Amino acid sequence: MIRRALAKRWFVFLATVVVHALSTRGRALASPDTTLYIQLSDGFLRGDPSQTFTTAAVRWTKTLYLLLLTGARVAAPVHWMALMVAFNVICSGIVAVLLVGIALRASRSAAAPLVAWLAYLGCYELVQWLPFVLTDLMFCAAALVPFALVARRILEPATPPRPWLLAISLAIACFCRPPGALLIPLVLFAELVLVRRTLSVRAAAAIILGIAAAALIVRTAVVYEPARWPFRFVRPKLEEFSGREKTGEVVYDRKETFRPPPKTAADHVTIEADRFARFFQFTSSAYSRAHNLTNAVFFVPLYALGIFGAIAAIRGDDRRRRAYVAALLVWIGVYAYFFALTVLDYDWRFRVPLIPHFILLAACGVDALAVRRQPIASR
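This report concerns the structure included in the present document. Just so it is clear, the structure is predicted and the values come from calculations on it, not from any experiment.

### Section: the overall build of the protein
- Scanning the protein for helices and strands turns up 17 helices and zero strands.
- In terms of its C-alpha atoms, the protein occupies a principal-axis envelope of roughly 65 × 50 × 50 Å.
- The burial tally for the protein puts 49% of its 379 residues in the buried class.
- Within the protein, contacts between residues separated by at least 24 positions form 74% of all contacts whose residues are at least 6 apart in sequence.
- Just so you have it, the protein exposes about 18200 Å², and 68% of that area is on carbon and sulfur atoms.
- Charge-centre separation for the protein: the mean point of 43 positive side chains lies 9 Å from the mean point of 22 negative side chains.

Right, here's the structure in full:
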């Protein structure tokens, strides 16, 4: 009965929209990023998008969001912020449908997709951004579509490929936020290694490690001395990153995470390693006791179940489940590494698009526990 209910996409979508719409309490909030988006939107309204399409930054990667924002401001000059919040809630409903759909395909029990959906509904780290006019929920939905398409091919090998749909979803993600570009190599990895198996795991691991090492070397050298960057492209942004990191910044504007100002290139690498570890952090000395407790209640079982699910899949004899868990781990690891080399935003905003992947990994743990309790039913 639970699986039948969760298989109804309209039910999951509407229930999620209602719950998350109520969580906003009718608020529409702005942030410093919202101010920048309004300025860029003004350029579109004037017919001068030069501030967006500039080599000084990668603002053009947010073109779709800026066009949507501009359309909302034209359609409802007074209540455009409310329209953007409504769009956030709709995107949240789309994420829930995709999340539950993946969990249903990957699970042998009804408990796993149910827990995945309930965890998503109650994830404070995601819900807190729903009332804000920001790109988080749009990118979360856009970034999950390519993963859903790849995961279905892994879990159901007979599923026909949909290259055009995959290409369109990748293009949408790339024009929502800069990290969307990471989805292209991730999808290639999943297709070549986990679906078609035309590239061996060892060869893929060597390529990934080589690219990661090269990125670390180049990034560290440029941030240590920005004058080494030979191009005009994103030079101001690199200088900004360098200036902030030279203050010891680990998480943006979270002073409690700062380290002593770096003096050598090795010190910069230490900060990047710290930033990678803090990608997974969920408590902070600057949070209230209630905030820390809320996050601990959510993330401690989430991480524990995720670790258990990953170990169970790796040790198991189901090749498809191993490939699916490998995709989740690579997705999370690559994004954590990317943010370690760039910026981890205030209150860990940039982790929001990976929340569905953490939840799906935890659902694997729930499924493994459920199968242990009722092995006959699972078979």
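### Comments concerning the pattern of salt bridges
- This model, assessed by the stated rule, comprises 22 salt bridges.
- Note that Asp42 and Arg73 form a salt bridge whose closest N and O atoms lie 2.9 Å from each other. Highlighted residues: Asp42 in helix H3 (residues 32–46) and Arg73 in helix H4 (residues 63–75), separated in sequence by 31 residues.
- In this structure Asp42 comes out as partly exposed when scored by relative accessible area, which is 25%.

### Some points on the layout of surface pockets
- The volume enclosed by the second largest pocket comes to roughly 710 Å³.
- Around the second largest pocket, the lining comprises 33 residues; the ones closest to its centre are Val145, Ala148, Leu149, Arg152 and Arg162.
- Those elements that place two or more of their residues in the lining of the second largest pocket are helix H2 (9–23), helix H5 (80–106), helix H8 (136–155), helix H9 (163–174) and helix H10 (183–195).
- The biggest single contributor to the lining of the second largest pocket is H8, with eight residues.
- Looking at the lining of the second largest pocket, its residues break down into 24 nonpolar, two polar and seven charged.

### Some remarks on the environment of Ala368
- Relative to the elements of secondary structure, Ala368 occurs in helix H16 (residues 355–373).
- Judged by its relative accessible area of 10%, Ala368 is buried.
- C-alpha separation for the pair Ala368 and Phe308, spaced 60 residues apart in sequence, amounts to 8.2 Å.
- Residue contacts for Ala368: discarding those within four places in its chain leaves Arg108, Phe308 and Ala312.

### Digging into the side chain of Thr257
- For Thr257, the position within the fold is in the loop between helix H12 (235–245) and helix H13 (265–278).
- Here Val251 takes part through its backbone nitrogen, which lies 3.1 Å from a polar atom of the side chain of Thr257.
- With residues up to four places along the chain from it excluded, the contact list for Thr257 reads Val250, Val251, Asp274 and Arg278.

### Some points on empty space enclosed by the protein
- For the structure on display, the rule yields three cavities of 30 Å³ or more.
- By volume, the largest cavity is sized at about 40 Å³.
- Surrounding the largest cavity, Arg219, Phe241, Arg244, Glu245, Glu249, Arg275, Thr342 and Val343 form its lining.
- Ranked by residue count, the leading element in the lining of the largest cavity is H12, at three residues.
- The residue inventory of the lining of the largest cavity, partitioned by class, reads two nonpolar, one polar and five charged.

### With respect to the packing of aromatic side chains
- Counting across every chain of the model gives 22 aromatic pairs.
- Ring geometry for Phe279 against Phe339: centres 6.0 Å apart, planes inclined by 15°, an arrangement best described as stacked. In this pair, Phe279 is assigned in the loop between H13 and helix H14 (289–315) and Phe339 in helix H15 (residues 319–341), connecting sequence segments 60 residues apart.
- Classification of Phe279 by relative accessible area gives buried; the value is 0%.
- When the ring of Phe280 is compared with that of Phe358, the centres are 6.1 Å apart and the planes differ by 90°; the resulting orientation is edge-to-face.

About the cut-offs
Residues numbered from 1 in each chain as written. Predicted model: local features only at pLDDT ≥ 70, side-chain atom pairs only at ≥ 80, totals over all residues. Heavy atoms only, no water. Helix = DSSP H or I, 4+ residues; strand = E, 2+ residues; numbered from the N terminus. Buried < 20%, exposed > 50% of the residue type's maximum accessible area, 1.4 Å probe, protein only. Contact = heavy atoms within 4.5 Å. Areas by Shrake-Rupley, 256 points an atom, 1.4 Å probe, with all protein chains shown as cover. Lys, Arg positive; Asp, Glu negative; His and termini not counted. Charge placed at Lys NZ, Arg CZ, Asp CG, Glu CD. Salt bridge = Lys/Arg side-chain N within 4 Å of Asp/Glu carboxyl O. 1 Å grid on protein atoms, 1.4 Å probe; cavity = no way out; pocket = protein on both sides within 12 Å on 5 of 7 lines; lining within 4 Å. Points joined across faces, edges and corners; volume = space filled by probe spheres on them. Nonpolar A, V, L, I, M, F, W, Y, C, P; charged D, E, K, R; others polar. Polar contact = N/O pair within 3.5 Å; in protein donor to acceptor, adjacent residues only side chain to side chain. Phe/Tyr/Trp six-rings, centres within 6.5 Å; stacked < 30°, edge-to-face > 60°.

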